[in-house]
Amino acid sequence: MSDRAAVLDRPLRAVPLAFRERSLVQLTLVRFREFWREPEAIFWVFIFPILLTAGLGIAFRSGPAQALPIGVTDDGLAAVLQAEPSLSVRRLDARTAEDQLRLGRIHLLVTPEAGGGVRLRYDDTNPESRTAGLLVERALQRAAGVRDRVPVTAEIAREPGSRYIDFVVPGLLGMNLMGSGMWGVGFAIVDARRKRLLKRLVASPMSRAEYLLSFLLSRLVLLLLEVTALVGFGVLAFGVPVNGPVWQLALLCVLASLCFSALGLLIASRTRTIEAASGWMNFVMLPMWVFSGVFFSYERFPEAFHPFIRLLPLTAAIDALRANMLQGAGLEQVAPEVAVMGGWLGLSFFAALALFRWR
Amino acid sequence: MPAHSPKLALRVEGLRKTYKDVVAVDGVDLAVQAGECFGLLGPNGAGKTTTIEICEGLLEPDAGVVEVLGLSWRNSARQLRQRLGVQLQDTQLSEKLTVEETVRLFRSFYHRGLAVEDVIALMQLEEKRKARLSALSGGQRQRLAMACALVGDPELLFLDEPTTGLDPQARRQLWELIDALKREGRTIVLTTHYMEEAERLCDRVAIMDYGRIIALGTPAELIASIGGGHVVEFSVDGGGAGLDPGELAALEGVRSVRRNNGRYELQVTDWHRAVPCLLAAMVQRRIPVSELRTHSATLEDVFVTLTGRHLRDE
């Protein structure tokens, strides 16, 4: 109690502000603290992309090509086909064979036909079944004495840069930049508005520009960490190539991150509840997860869609990252993608500034 | 340090603010002297928060003049923000920051201000200095909000319902802190719907109801305006069906009679004389008095006299 009395009686003195106590520094520190003290955020930004990369890398690893399982209902045919190393032949009775074909345990079913013929049953929309069909046909023809007219030598290429893991790491990197950019900025601002913290800050002499700038600065530092973690893991664990200049890769990541942060800012500019913000985030991000070629090439969509798909910011980001990492392309080669990201950045940032509500 | 000039810290004239079809503030005039602790007292929805938020430059009035420290928000917003301390109703500061980090953040917004450690000590939060906000009680949060309002060494401090939702002990602790700020000569404008808070803390009080100021003065003046004196409250067994308020009013020293939920409230100039007369009258009529209390008239009684309603605690 006596301490307290002493404090109460002592007149409070105004003190000048030290450099580290400057508001931009303090605001940026707050951003870091809020991030580090949120375990879920760390999981989604750092751990989840690495787990996903590891999972995809293992699932689609390019080990020795696996033999394709097929079913055969005849002993003679089974003996002939067993000589083909790319096929794993199962001798089955007719009923079991039908069941296994339906369940996808075998890709193809071989049954003898009257008159020395052979019937192949398979689903032609399944590439592995089609392959199995070609292999069975070739093995049977060769066994019957047919000779190849054109000598063919197969050269197996399993170089880094052309595997699925190489394709998917830049995709995951782009997806991660989108998620952390949009959520990192959007969520924090909507949360502050919902708690009326934004109103309290505006009632103080805080510089509004510095408040927004603090998001930018913290984003850039976190960006460095999350890109290093994900790309580093890809390089070390799977030998994913980084063929382009690293500083250009960094520049592309910064541009992509700014572009998505600006989109997050736009979504947060008036939204008052977390639920509404989540809805808008998903509305914006979901189409890009599907169309922008994170896990598979957007070439699979009809050609008429391609010009629109290429205008999506995530498509631009991923295309540019792939060109840099896999093809070693320079900035001049990804100029269209850079332009698309820059366009989205400018558009969303100025729209956000015009719409933004501090209350 | 706060200036001690006789200038007005706050001048409001003809203030008006309407939300859609609700008139929140309906022609309010105020003048707060530098160094004064001024209270806006009124029930919820009386327009106190709207009035104070217009003064804080957070809301635009529809009409009227607001001059803070001799300056207008239109021309001097930047300068004013540096010189004011503000505590808003239900602001939630970041739960993940510690007390010290929060005060340091707010300190960083001001060109000049108080030492973070001093403000934390003043608000009696030293033990919680390293605690995150999620670990603080309601009273501690409220003191932290005050610390954030105070850290810029403001000349004028706006406190919107500083003790709402606090238990009596935490409220009394906050009153002591506000007393300490008054002793330093800081100008304080606060809103409250607790009449004892206004009476205890404020040099002058404006009573608001339905967007208007219905009474203005020192607590003593306001109480004197309804005749001051005392209030005698009593109830009678059986609800007092045969009791005529006119007869009560005719008793010696009774100035007015009010009946409220089966309870009678008499305003009297002098309870020494009024109570014996009252009891004698009751005995004469064989009406048993079940409960009898007297208290000095309060701001609550002023509000009841002016509006016919009670200020209510939610």
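What counts and how
- Residues numbered from 1 in each chain as written.
- Chains lettered and ligands numbered in written order.
- Predicted model: local features only at pLDDT ≥ 70, side-chain atom pairs only at ≥ 80, totals over all residues.
- Heavy atoms only, no water.
- Helix = DSSP H or I, 4+ residues; strand = E, 2+ residues; numbered from the N terminus.
- Buried < 20%, exposed > 50% of the residue type's maximum accessible area, 1.4 Å probe, protein only.
- Contact = heavy atoms within 4.5 Å.
- Areas by Shrake-Rupley, 256 points an atom, 1.4 Å probe, with all protein chains shown as cover.
- Lys, Arg positive; Asp, Glu negative; His and termini not counted.
- Charge placed at Lys NZ, Arg CZ, Asp CG, Glu CD.
- Pairing = 2+ DSSP bridges.
- Axes fitted to C-alpha atoms, helices over the stretch in contact; angles between N-to-C directions.
- Salt bridge = Lys/Arg side-chain N within 4 Å of Asp/Glu carboxyl O.
- Buried area = accessible area lost by both parts, 1.4 Å probe.
- Polar contact = N/O pair within 3.5 Å; in protein donor to acceptor, adjacent residues only side chain to side chain.
- Nonpolar A, V, L, I, M, F, W, Y, C, P; charged D, E, K, R; others polar.
- Parallel < 35°, antiparallel > 145°, perpendicular 65-115°, else oblique.
- Left-handed = near helix turned anticlockwise from the far one by under 90°.
- Phe/Tyr/Trp six-rings, centres within 6.5 Å; stacked < 30°, edge-to-face > 60°.
- Lys NZ or Arg CZ within 6 Å of the ring centre and 35° of its normal.
- Domains from an automatic or database assignment.
- 1 Å grid on protein atoms, 1.4 Å probe; cavity = no way out; pocket = protein on both sides within 12 Å on 5 of 7 lines; lining within 4 Å.
- Points joined across faces, edges and corners; volume = space filled by probe spheres on them.
- Expected span 1.5 Å × (residues − 1).
- Arc of directions from axis to C-beta.

Caption draft 1: Region of interest: the overall build of chain B. A count of helical and extended segments in chain B gives 11 helices and 14 strands. Dimensions of chain B along its principal axes, counting C-alpha atoms only, are 75 × 45 × 40 Å. Out of the 314 residues belonging to chain B, those deemed buried represent 54%. For chain B, the proportion of contacts with a sequence separation of at least 24, taken over those separated by at least 6, is 69%. When the accessible surface of chain B is summed, it comes to about 13,300 Å², and 49% of that surface belongs to carbon and sulfur atoms. Treating the 38 positive side-chain charges of chain B as one cloud and the 44 negative ones as another, the clouds have centres 3 Å apart.

Caption draft 2: Broad picture of the sheet that holds strand S5 (residues 118–121) of chain A. Residues and elements named next belong to chain A. Across the sheet, 4 strands lie side by side as S3-S2-S4-S5; this open sheet has mixed pairing. One side of each edge strand has no neighbouring strand; the edge strands of this open sheet are strand S3 (87–91) and S5. The average angle at which neighbouring strand axes cross in this sheet is 25°, direction not considered. Sheet strands touched by helix H5 (residues 94–103): S3, strand S4 (109–112) and S5. Its angle to S4, the strand with the most contacts, is close to 150°. Strands in contact with helix H6 (residues 127–143) are strand S2 (68–72), S3, S4 and S5; relative to S2, the strand with the most contacts, it is inclined by about 60°.

Caption draft 3: Structural context of the environment of A:Ser88. All names here are of chain A. Turning to its location among the elements, serine 88 is positioned in strand S3. Remark: the alpha-carbon pair of serine 88 and arginine 272, spanning 184 residues in sequence, is separated by 60 Å. Beyond its immediate stretch of four places on either side in the chain, serine 88 contacts Ala67, Leu68, Pro69 and Ile70.

Caption draft 4: Looking closely at the pattern of salt bridges. Taken as a whole and assessed by the stated rule, the structure comprises 37 salt bridges over all chains. With a shortest N-O distance of 2.8 Å, B:Glu101 and A:Arg37 are connected by a salt bridge. One end of the pair, B:Glu101, is in helix H3 (residues 99–107); the other, A:Arg37, is in the loop between helix H2 (23–36) and helix H3 (39–59), on a second chain. Assessed through its relative accessible area of 12%, B:Glu101 is described here as buried. We classify A:Arg37 as partly exposed; its relative accessible area is 23%. Note that A:Arg91 and A:Asp75 form a salt bridge whose closest N and O atoms lie 2.6 Å from each other. Of the two residues, A:Arg91 is situated in strand S3 and A:Asp75 in helix H4 (residues 75–81); the sequence distance between them amounts to 16 residues. For A:Arg91, a relative accessible area of 43% corresponds to the partly exposed category.

Caption draft 5: Main features of the sheet that holds strand S1 (residues 8–19) of chain B. All names here are of chain B. Overall, antiparallel pairing links the 3 strands, which are arranged S2-S1-S4 in an open sheet. Each of the sheet's edge strands pairs with one partner strand only, and the pair in question is strand S2 (22–33) and strand S4 (63–68). For this sheet, the mean angle separating the axes of adjacent strands, direction not counted, is 15°. Summarising the sheet, S1 and S2 pair through 9 bridges and their orientation is antiparallel. Counted as the bridge partner of lysine 17 is valine 25 from S2.

Caption draft 6: Fine view of the interface of chain B and chain A. Taken together, the contact pairs 43 residues of chain B with 34 residues of chain A. For the pair chain B and chain A, the two sides together bury roughly 3,700 Å², of which 58% comes from carbon and sulfur. Of the charged contacts, one joins A:Arg33 and B:Glu101 as a salt bridge, the two residues approaching to 3.3 Å between their closest N and O atoms. In this assembly, chain B and chain A are joined by 12 residue pairs in polar contact (both at pLDDT 80 or more). Sort the elements by how many residues they give to the side of chain B that touches chain A and H3(B) lands first, with 5 residues. The residue makeup of the side of chain B that touches chain A, split by class, is 19 nonpolar, 8 polar and 16 charged.

Caption draft 7: Up close: the packing of helix H10 (residues 246–268) of chain A against helix H14 (residues 335–355) of chain A. All names here are of chain A. The interhelical angle for the contact between H10 and H14, taken along N-to-C directions, is 30°, at an axis separation of 8 Å. Taken together, H10 and H14 sit at an angle that is classed as roughly parallel. In this structure, H10 crosses over H14, and the sense of that crossing is left-handed. From H10, Leu252, Leu255, Ala256, Leu258, Cys259, Ala262, Leu263, Leu265 and Leu266 reach across to H14, where they touch Val338, Met341, Trp344, Leu345, Ser348, Phe349, Ala351, Ala352 and Leu355.

Caption draft 8: Expanded view of helix H1 (residues 48–55) of chain B. All names here are of chain B. In terms of burial, H1 is a largely internal element, 7 of the 8 residues being buried. Among the residues of H1, those classed as buried are Lys48, Thr50, Thr51, Ile52, Glu53, Ile54 and Cys55. Phi turns positive, to about 75°, at glycine 57, one or two residues after H1.

Caption draft 9: Examining the packing of aromatic side chains more closely. All names here are of chain A. Applying the stated criterion across every chain yields a total of 18 aromatic pairs over all chains. The interplanar angle of 70° and the centroid separation of 5.4 Å between the aromatic rings of phenylalanine 35 and tryptophan 36 together place this pair among those described as edge-to-face. Seen in terms of ring centroids, phenylalanine 291 and phenylalanine 301 are 4.9 Å apart; in terms of plane orientation they differ by 50°. Their pairing is tilted. Note that phenylalanine 291 is positioned in helix H11 (residues 274–291) and phenylalanine 301 in the loop between H11 and helix H12 (306–311), a separation of 10 residues in sequence. Members of the aromatic cluster, joined through ring pairs, are Tyr211, Phe215, Phe356 and Trp358. Over the aromatic face of phenylalanine 167 sits the side chain of arginine 322, whose NZ or CZ is 3.6 Å from the ring centroid.

Caption draft 10: Structural view of the domain arrangement of chain A. Per the domain assignment, the segments of chain A are domain 1 (68–156) and domain 2 (164–355). Between domain 1 of chain A and domain 2 of chain A, the C-alpha centre-to-centre distance is 48 Å.

Caption draft 11: Up close: empty space enclosed by the protein. Residues and elements named next belong to chain B. For the coordinates displayed, the defined rule picks out 1 cavity of 30 Å³ or more. Computed from the structure, the largest cavity encloses a volume of approximately 80 Å³. Together, Val231, Ser256, Arg258, Glu265, Leu266, Gln267, Asp301, Val304 and Thr305 line the largest cavity. Of all elements in the fold, only strand S12 (254–260), strand S13 (263–268) and helix H11 (299–307) reach the threshold of two or more residues within the lining of the largest cavity.

Caption draft 12: H14(A), seen in detail. All names here are of chain A. If you check H14, its first and last C-alpha atoms are 30 Å apart, about what 21 residues at 1.5 Å a residue would give, namely 30 Å. Every buried residue of H14 is listed here: Glu337, Val340, Met341, Ser348 and Ala352. For H14, the angular spread of buried residues about the axis comes to 90°, placing them on one side. Seen from the open side of H14, the exposed residues pointing more than 90 degrees away from its buried face are Pro336, Ala339, Leu347, Phe350 and Ala354.

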